[in-house]
Protein chains: 2
Amino acid sequence: MLPSKNSYTDIKEIVLARIRDHTWPPGSIIPGEIELAEEFGCARATVNRAMRELAEDGILDRKRKAGTRVNKSPVRHAKFAIPLVRIEVESTGAAYRYTLLNKKIFIAPAWLRARLSLGDSAEVLHLQCMHFADNTPFQFEDRWINIDAVHNIENADFTTIGPNEWLVNEMPFTDVEIAFSARVADKKLAEYLSLSIGEPVFTTERITWLSGTPITFARFSFGRGYSLKTRF
Amino acid sequence: MLPSKNSYTDIKEIVLARIRDHTWPPGSIIPGEIELAEEFGCARATVNRAMRELAEDGILDRKRKAGTRVNKSPVRHAKFAIPLVRIEVESTGAAYRYTLLNKKIFIAPAWLRARLSLGDSAEVLHLQCMHFADNTPFQFEDRWINIDAVHNIENADFTTIGPNEWLVNEMPFTDVEIAFSARVADKKLAEYLSLSIGEPVFTTERITWLSGTPITFARFSFGRGYSLKTRF
DNA sequence: ATATGCCTTATGTCTAGTCATAATATATAC
DNA sequence: GTATATATTATGACTAGACATAAGGCATAT
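All of these numbers come straight from a predicted model, not from anything done at the bench.

Colleague: With reference to specific residues and values, describe the relation of the copies chain A and chain B.
Modeller: With an RMSD of 0.3 Å, the fit of chain A onto chain B corresponds to turning through 180 degrees and sliding 0.2 Å along the axis. As the rotation angle and translation indicate, the two copies are arranged about a two-fold axis. Take the interface residues of chain A: 98% of them recur as interface residues in chain B, which is what a same-surface contact looks like.

And the structure:
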């Protein structure tokens, strides 16, 4: 029986403390919600919220009937904000500028069909564009859009607004896959980003789907020294 | 007045749909929880949960009294799992092997003191180690630990268990900063990771604190072709 | 021994309230 | 006009219940 004042954040703290001092060692099952609610002198819903959030953070593993366990390998979850490039640039105080380099409709190449599970003759809109911060190259965007899946695509000219921003506003999506990697600058990329050939380039790739239908594949290549940060 | 069956996920869907079809354009204020609860025929708590989760996802911006607004720049949040290297390697089916390369106590160098806000004569334990997947280099770990902040550090020899795994099990932390970037392989790194000098290396850096006290700084350099993926 | 279905149980979700708190808007005092 | 106190209001947190659902375990029939 603990003192009266117990919020769900307090409960989270207590549970975390018990995990850290090995009262509840990794892999062990912890008492049920009802029992904990009694111990903490609060409603089960309050315990539930605390436990749910700890499970979302990867600290606990919950299963109906099976109960709640302390996660064996403390997989931490880092949350990254994925803002629009424009916002990201503007938030540094720099002026944002956008340029469309290429825009053309293709039959999807084999590698793209494989990535997006597209049919043999699927048409895609291929766009290449640059995002600048105070006129220094910030990001090169290489994007393919599945034309069949995106309504209204013919009404977008992408000369003033980037495909990312357009899609975010016009096109809903349900699933996203993001990958981060380090790549080598080839001739084209070096030229666009004012790099030397062979320089490392921080790259993110994104695929989005709308309930199973692939919408778009995009590769973002960042300028020299870019670093994606998060704190939590 | 909508049909009866309304869960908080349904409400999220409806709200998202209204944002996407511009019923509630970006920046606009949306009806209060009580009003929405009436419309959807459910309790305010249910609307609250839907709205809270949408706010956590960066879709909405909520403030007491001010009300709930559609976020102007739809900042999406990507969640990455940060597992232990060992688990990451083992999950690919490969055999994990760990080697300690160096272990020595130093007076913290200036750049580290600046990063961790350490005093002039603070002592740090510097460790370098390798993580292998099936005997191919997977990750090089370069780690500095603030000795004053970590109890029991003298009892850890780090020959069989990596510092990351040891710290996760022994040392609580409250704040983490993670940065991702692409770097160039220098001579040492190329040697450790079986790369050529100048090759791009995917790098993550991590700093952790325990309620304001810096615990450790670590830089992880990954082998060729590594890519950090997430899906949500 | 094995497969099927039922029962139990812990979590998941929900309701209809209450009280708390932060931020705005308004009224008041100077 | 400006600063300060006050009322209002929307979200935040919580309670004590309820029913839903998934999954483990047990009993039964084959």
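Colleague: Please provide a residue-by-residue account of the sheet that holds strand E10 (residues 213-222) of chain B, values included.
Modeller: Here 7 strands make up an open sheet; going across it, the order is E11(A)-E8(B)-E9(B)-E10(B)-E7(B)-E6(B)-E5(B) and the pairing antiparallel. For this open sheet the edge positions go to strand E11 (227-231) of chain A together with strand E5 (96-107) of chain B, each flanked by a neighbour on one side alone. Within the sheet, the average angular offset between the axes of one strand and its neighbour, ignoring direction, is 15 degrees. By the bridge criterion, 7 bridges tie strand E7 (residues 136-146) of chain B to E10 of chain B in an arrangement that is antiparallel. Its bridge partner lying in E10 of chain B, Phe140 of chain B is registered against Ser221 of chain B. Across the sheet, helix H6 (residues 163-170) of chain B lies against E5, strand E6 (123-133), E7, strand E9 (200-210) and E10 of chain B, angled at about 50 degrees from E7 of chain B, the strand it touches most.

Colleague: I'd love a proper account of the protein's contact with DNA strand C, names of residues and values included.
Modeller: The immediate surroundings of DNA strand C are formed by 21 residues, with Arg44 and Arg62 of chain A together with Ser7, Tyr8 and Thr46 of chain B found nearest. Here the atoms of DNA strand C within 4 Å of the protein split so that 71% fall in sugar or phosphate, with bases taking the remainder. Note that a phosphate oxygen of DNA strand C is positioned 2.9 Å from one of the backbone N or O atoms of Ala43 of chain B. Within the residue set of the surface near DNA strand C, elements represented by two or more residues are helix H3 (44-56), strand E2 (60-63) and strand E3 (67-70) of chain A together with helix H3 (44-56) of chain B. Here the surface near DNA strand C gets 4 residues from one element, more than from any other, and that element is H3 of chain B. Across the surface near DNA strand C, the residue classes tally to 4 nonpolar, 7 polar and 10 charged.

Colleague: Please give an account of the protein's contact with DNA strand D that cites residues and values.
Modeller: In the vicinity of DNA strand D lie 21 residues, with Ser7 and Thr46 of chain A together with Arg44, Arg62 and Arg64 of chain B positioned nearest. Here the atoms of DNA strand D within 4 Å of the protein split so that 75% fall in sugar or phosphate, with bases taking the remainder. At 2.9 Å, a backbone N or O of Ala43 of chain A approaches a phosphate oxygen of DNA strand D. Within the side chain of Arg49 of chain A, an N or O atom sits 3.2 Å from a phosphate oxygen of DNA strand D. Mapped by element, the contributors of at least two residues to the surface near DNA strand D are H3 of chain A together with H3, strand E2 (60-63) and strand E3 (67-70) of chain B. The element contributing the most residues to the surface near DNA strand D is H3 of chain A, with 4 residues. When its residues are assigned to classes, the surface near DNA strand D shows 4 nonpolar, 7 polar and 10 charged.

Colleague: So what's going on with the interface of chain A and chain B? Which residues, and what values?
Modeller: Each partner contributes residues to the interface: chain A has 46 residues there, and chain B has 46 residues. Summing both partners gives a buried area of about 4,300 Å² for chain A against chain B, and 58% of it is carried by carbon and sulfur. When the area that chain A buries against chain B is broken down by residue, the three leading residues are Lys79, Phe180 and Arg231 of chain A, summing to 13%. Inspection of the region where chain A meets chain B yields 0 salt bridges. On inspection of chain A and its partner chain B, the count reaches 4 residue pairs in polar contact (both at pLDDT 80 or more).

Criteria and thresholds
Think of each chain on its own: its residues are numbered from 1, step by step along the sequence as written. Both sets of labels track the order of writing: A upward for chains, 1 upward for ligands. Local features in a predicted model are, by the rule used here, given only for residues with pLDDT of at least 70; side-chain atom pairs are given and counted only at 80 or more, and totals for whole chains, interfaces and linings are based on all residues. Side-chain numbers here rest on the full set of heavy atoms in the structure, without hydrogens or water. For this overlay, a least-squares fit was computed on C-alpha atoms, restricted to residues scoring pLDDT of at least 70 in both copies. Working rule for contacts: check all heavy atoms of both residues, and any pair within 4.5 Å makes them a contact. Two strands pair under a simple rule: DSSP has to find at least two bridges between them. Numbered from the N terminus, helices here are DSSP runs of H or I no shorter than four residues, and strands are runs of E no shorter than two. Note on method: axes are straight lines fitted to C-alpha atoms, helices fitted across the in-contact stretch only, with angles between N-to-C directions ranging 0 to 180 degrees. A single heavy atom is enough: if one lies within 4 Å of a molecule or strand, its residue is considered near that molecule or strand. We call two N or O atoms a polar contact when they sit within 3.5 Å, provided that within protein one can donate a hydrogen and the other can accept it, with sequence-adjacent residues counted only if both atoms are side-chain atoms. Just so you know the grouping, Ala, Val, Leu, Ile, Met, Phe, Trp, Tyr, Cys and Pro go in nonpolar, Asp, Glu, Lys and Arg go in charged, and all remaining residues, Gly too, go in polar. Two parts placed together each lose some accessible area under a 1.4 Å probe, and adding up what both lose gives the buried area. Note on definitions: salt bridges are taken to be side-chain nitrogens of Lys or Arg within 4 Å of carboxyl oxygens of Asp or Glu.

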